[in-house]
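Reading the structure
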Amino acid sequence: MVQCIEKGVYDPCDDASPGSNGWITAQCAWAHAEVANRKIVTAEGEIITRLKKAKAISALTEFKNSQHKWREFVDYYCRFTNHADEVGVFANDPALLSYGFCVRRHNEERAKELQAYLPSPE
């Protein structure tokens, strides 16, 4: 599923109707989170390569630290939203609070942020 989404061949999640099957929608959230994570890893690699070439050691260290802290934040924050959903504290769409959808949203945003530092592929 991830490879189909990643390559833009076919997104099986387009055919899944929201709310009809929690397992399917959860799998779609995780698949999209993984696609975004792969974009993050690719952008990270390029940023690290550029910083190493520039011999920007302190920037490289800060970037690596920021990525580590960002991943830690996402994990903790998404666990919080998942637990909040379980106890019904917030009046919101449960899909928005679930761990998988939370990770997806944050991964997609981070991928865009990191890709913005890099030139567009031609």
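What comes next concerns the included structure. (Residues numbered from 1 in each chain as written. Predicted model: local features only at pLDDT ≥ 70, side-chain atom pairs only at ≥ 80, totals over all residues. Heavy atoms only, no water.)

**Description of the packing of helix α3 (residues 57-87) against helix α5 (residues 99-116)**
Close contact between α3 and α5 brings their axes to 8 Å; oriented N to C, the two are set at 155°. Comparing their axes, α5 and α3 come out roughly antiparallel. The two elements α3 and α5 cross, and the hand of that crossing is right-handed. Residues F63, S66, Q67, W70, F73, V74, D75, Y77, C78, R79, T81 and N82 of α3 form the contact with α5, whose own contacting residues are Y99, C102, V103, H106, N107, R110 and L114. (Axes fitted to C-alpha atoms, helices over the stretch in contact; angles between N-to-C directions. Helix = DSSP H or I, 4+ residues; strand = E, 2+ residues; numbered from the N terminus. Parallel < 35°, antiparallel > 145°, perpendicular 65-115°, else oblique. Left-handed = near helix turned anticlockwise from the far one by under 90°. Contact = heavy atoms within 4.5 Å.)

**Here's the deal with α3**
For α3, spanning 31 residues, the distance from its first C-alpha to its last is 45 Å, which sits close to the expected 45 Å at 1.5 Å a residue. Where α3 is concerned, the buried positions are L60, F63, Q67, W70, V74, C78, T81 and A84. Directly after α3, the chain includes G88, whose backbone phi takes a positive value near 70°. (Expected span 1.5 Å × (residues − 1). Buried < 20%, exposed > 50% of the residue type's maximum accessible area, 1.4 Å probe, protein only.)

**Details of the packing of aromatic side chains**
Any two aromatic rings considered together are summarised by their centre-to-centre distance and by the angle between their planes. Per the counting criterion, the structure on display carries 3 aromatic pairs. Centroid distance W30 to Y99: 5.6 Å. Interplanar angle 35°. Geometry classified as tilted. Of the two residues, W30 sits in helix α2 (residues 22-53) while Y99 sits in helix α5, which places them 69 residues apart along the sequence. Owing to a relative accessible area of 39%, W30 belongs among the partly exposed residues under this scheme. Judged by centre distance (5.5 Å) and plane angle (20°), the rings of F73 and Y77 are stacked. Taken as a pair, F73 and Y77 lie in helix α3 at a separation of 4 residues, close to a single helical turn. Taking relative accessible area as the criterion, Y77 reaches 34% and is therefore assigned partly exposed. Between the NZ or CZ atom of R79 and the centre of the ring of Y76, over which it lies, the distance is 4.6 Å. (Phe/Tyr/Trp six-rings, centres within 6.5 Å; stacked < 30°, edge-to-face > 60°. Lys NZ or Arg CZ within 6 Å of the ring centre and 35° of its normal.)

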